Amino acid sequence: MNADQRVVEKIKAAFPDAIEETNDFRGEQTLYINKKYVKGICQLLKSDPDLSYKFLSDICADDFLPEFPRFAVNYHLYSYDKNHRLRLRTWVEDPEEGPETISSVWAIASWLEMEVWDLMGIRFKGNTNLRRLFLPEDWQGHPLRKDYPLGYEEVQFSFNWQEVDAKKPYAKE
Amino acid sequence: MTIPSGGDTIQELTVEELRAKVGTGMEIENAEEHMLLSMGPQHPSTHGVLRLLVELDGETVVNLAPDIGFLHTGVEKSMESKTFTKALVMTDRMDYLSPMSNNLGYILAVEKLLGVEATPRAQVIRVILAELARISSHLVWLGTHALDLAAMSVFLYCFREREYILDLFEMVAGQRMMVSYFRPGGLWRDLPEEFEPAVRQFLDFFPAKIADYEALLKNNPIFLDRTKGIGVVTAEQAMDWGLTGPSLRGSGVNWDIRKAQPYGGYETYDFDVPVETDGDVYARYRCRIAEMWQSMRIIQQAMDRLPKGPVNIDDRKIVPPPRSELGHSMEAVIHHFKLWTEGFSAPVGYVYQSIESPRGEFACYLRGDGGPKPARVHFRTPSYVHVASLPFMAKGLFVADLVSIIGSVDIVLGEIDR
């Protein structure tokens, strides 16, 4: 039994209805899991001696606007013992009700979740540490969302100089 | 608690007000007795614009919170609006001490998404340049780390040798730092003739230089006092906090992505992975020094085997045709025009490609939606993860030790904030 199958079977034994779909693309295994089992599965994957995914490489979020569910959160795990990588992916319908935090499983998770919150605006349940990390405290919106404009400098011409100038956000005399 | 608020006025603040003001979410243990010190963002030993909020009891660090984001430029967002090829230039600007490694991580992710593999010659050239980047990055680390610990001369020697490597980069890419030399499907162009003798010359003179650096440090009692037994990280802690690269191997975990999950032909080179078990600042120093020797071995082998042949794959839908073809081939003109205006389309899907950058695991998550632009790019950068572990490493130590710990995890702020 290879590592891909072993993971699926272990999870199925513990959480029968957790895995919604499995996907294999370019030799990378992805398990689509139900949001409410994220923490339980992470605990299992880390503590089970046959799996021992002791390294949480990354947490990152995806925005699929205009589809529904719109957001997805990816967890990239690695097992030193089995030399195997695994991606857990969970769909998030409402960004205010994201998956449960896994900071109790891996210490680094809280820090990685903070980046997801700051740039994509997904709130991890139970993570009290979420705050603006890269952006200023008073920043509006979450820039990595697809409906967030890239931003540009509006060009001023002689006929609309005053009009554009009035909208520019710098301190005027 | 009183903190100066500019000028001569002293402002009285409650703990809640203070917490809101510092904005790092740090738990302040004893606001009445302890001093709150803002170290950075403009501070030479924070290696960039990193601000550390430190709660001090006398000279002992009680609590510590990193405050980042001063260099945030929205790299991931900007890349979504560029084609795969044009987005490459953004990756140079993240980890500005090893742009070749960033290029490699991103390009391998793009190639994985497309399902193509570079030609044998391009792969070997990539390995040579990535290892040169590792040496040059370690030289900056060594120089600044020693400078932080009051060994001034090492810095000057390290930068002299780094200059030679940057000249090599300029020779191949036309740029010293922002190289953008690796392209999807191959390289920008082939190596110039002068490259091979120049690298061989480097391989000849550099071993003596590493020996010099070590001679300056390994018997230096100040350096040893300030590195041995400082900032100890156990193997369990290192794994829990996601440390990678030399910071992980200094704690006795033998994990190098070049060995564990080889990419770009690393499995065909003969090299060792240096591992130290002490887990302190000195162990991480030893790992990086030993890595420079191993990189030399890899470059030597790669130079000896450098195969002849094309540097780009033969797929005109990905790699633009050579300039010389544009004059007489209509098809080449079409391909040239299509690739530089629209770009190539990547399939629907997502990949995650990790490489061993000089600092640790550099990974690129890339999602294609069938169009010519990445739908989502995300970089897992080692420095971003390492800065989160500073608080637990530095707790209970002196401020001076904090400086030594920051140097030992080798952070680059451009990569943290991206």
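Because the structure is a prediction, the values reported are computed rather than measured.

Caption draft 1: A look at the packing of aromatic side chains. Taken as a whole and judged by the stated rule, the model has 30 aromatic pairs over all chains. With centroids separated by 6.2 Å and ring planes inclined at 40°, the aromatic side chains of Trp-141 of chain B and Tyr-285 of chain B adopt a geometry described as tilted. Taken together, the residues Trp-141 of chain B in helix α5 (residues 120-148) and Tyr-285 of chain B in helix α12 (residues 281-305) connect sequence positions 144 residues apart. Comparing Trp-141 of chain B with Tyr-285 of chain B shows no difference in burial state: the two are buried. Site record: aromatic cluster; members linked through ring pairs are Tyr-164, Phe-202, Phe-205, Phe-206 and Tyr-213 of chain B. Sitting above the plane of the Tyr-282 of chain B ring, Lys-228 of chain B keeps its charged end 4.9 Å from the centroid. It is Arg-367 of chain B that lies over the ring of Phe-64 of chain A; its NZ or CZ is 3.9 Å from the centre.

Caption draft 2: Fine view of empty space enclosed by the protein. Throughout the structure, instances matching the rule amount to 4 cavities of 30 Å³ or more. Of the pockets and cavities examined, the largest cavity occupies roughly 60 Å³. As for the largest cavity, its lining consists of Leu-119, Pro-143 and Leu-144 of chain A together with His-72, Gly-74, Val-75, Glu-76, Lys-77 and Arg-418 of chain B. No other element matches helix α2 (residues 75-79) of chain B, which puts 3 residues into the lining of the largest cavity. Classifying every residue of the lining of the largest cavity gives 4 nonpolar, 2 polar and 3 charged.

Caption draft 3: Quick peek at the pairing of strand β5 (residues 84-92) of chain A. Residue and element names in this part refer to chain A. With 8 of 9 residues buried, β5 is to be regarded as a mostly interior element. Pairing between strand β4 (residues 71-79) and β5: 9 bridges, direction antiparallel. Bridge pairing in β5 links His-76 to Arg-87. Counting the residues between successive antiparallel strands, the hairpin from β4 to β5 contains 4 residues, one of them, Asn-83, with a positive phi of roughly 50°.

Caption draft 4: View of the pairing of strand β3 (residues 55-63) of chain A. All names here are of chain A. The element β3 is extensively covered by neighbouring structure, given that 9 of its 9 residues are classed as buried. Alignment of β3 against β4, held across 8 bridges, turns out to be antiparallel. Directly across from Asp-62, in β4, lies its bridge partner Ala-72.

Caption draft 5: Quick peek at a nonpolar patch on the surface. A cluster of nonpolar side chains, Val-155, Phe-157 and Phe-159 of chain A, forms an exposed patch at the surface whose accessible area comes to about 370 Å². When you line up the elements, Phe-157 of chain A lands in the loop between α3 (109-120) and α4 (161-167).

Caption draft 6: Unusual backbone geometry, seen in detail. Residue and element names in this part refer to chain A. The amide bond that connects Leu-65 to the next residue, Pro-66, takes the cis arrangement and shows omega of 5°. For the bond from Phe-68 to Pro-69, the omega torsion is -5°, close enough to zero to count as cis. Tracing the backbone through its elements, the reader meets Pro-69 in the loop between β3 and β4.

Caption draft 7: Seen up close, the sheet that holds strand β5 (residues 60-67) of chain B. All names here are of chain B. Across the sheet, 3 strands lie side by side as β3-β4-β5; this open sheet has antiparallel pairing. Of all the strands in the sheet, the pair left with one neighbour each is β3 (35-39) and β5. Between one strand and the next, the sheet's axes are offset by a mean angle of 20°, whatever the strand orientation. Summarising the sheet, strand β4 (residues 51-57) and β5 pair through 7 bridges and their orientation is antiparallel.

Caption draft 8: Molecular detail of the packing of α5 of chain B against α12 of chain B. Residue and element names in this part refer to chain B. Running from N to C, α5 and α12 cross one another at 155°; their axes reach a closest spacing of 9 Å. Judged on the interaxial angle alone, α12 and α5 are roughly antiparallel. Along this stretch, α5 crosses α12, giving a crossing that reads as left-handed. Residues that form the contact of α5 with α12 fall into these classes: 17 nonpolar, 3 polar and 5 charged.

Caption draft 9: Representation of the confidence of the model for chain A in the model. Scored by pLDDT, chain A has a mean of 86; 98% of the residues are at 70 or more. By mean pLDDT, helix α1 (residues 3-14) of chain A is the weakest element of chain A at 82, and β4 of chain A is the strongest at 92.

Conventions we followed
- Residues numbered from 1 in each chain as written.
- Chains lettered and ligands numbered in written order.
- Predicted model: local features only at pLDDT ≥ 70, side-chain atom pairs only at ≥ 80, totals over all residues.
- Heavy atoms only, no water.
- Phe/Tyr/Trp six-rings, centres within 6.5 Å; stacked < 30°, edge-to-face > 60°.
- Helix = DSSP H or I, 4+ residues; strand = E, 2+ residues; numbered from the N terminus.
- Buried < 20%, exposed > 50% of the residue type's maximum accessible area, 1.4 Å probe, protein only.
- Lys NZ or Arg CZ within 6 Å of the ring centre and 35° of its normal.
- 1 Å grid on protein atoms, 1.4 Å probe; cavity = no way out; pocket = protein on both sides within 12 Å on 5 of 7 lines; lining within 4 Å.
- Points joined across faces, edges and corners; volume = space filled by probe spheres on them.
- Nonpolar A, V, L, I, M, F, W, Y, C, P; charged D, E, K, R; others polar.
- Pairing = 2+ DSSP bridges.
- Patch = residues over 30% accessible without salt bridge, like charges linked within 9 Å, V, L, I, M, F, W, Y side chains within 5 Å.
- Areas by Shrake-Rupley, 256 points an atom, 1.4 Å probe, with all protein chains shown as cover.
- Salt bridge = Lys/Arg side-chain N within 4 Å of Asp/Glu carboxyl O.
- Axes fitted to C-alpha atoms, helices over the stretch in contact; angles between N-to-C directions.
- Parallel < 35°, antiparallel > 145°, perpendicular 65-115°, else oblique.
- Left-handed = near helix turned anticlockwise from the far one by under 90°.
- pLDDT = per-residue confidence, 0-100.

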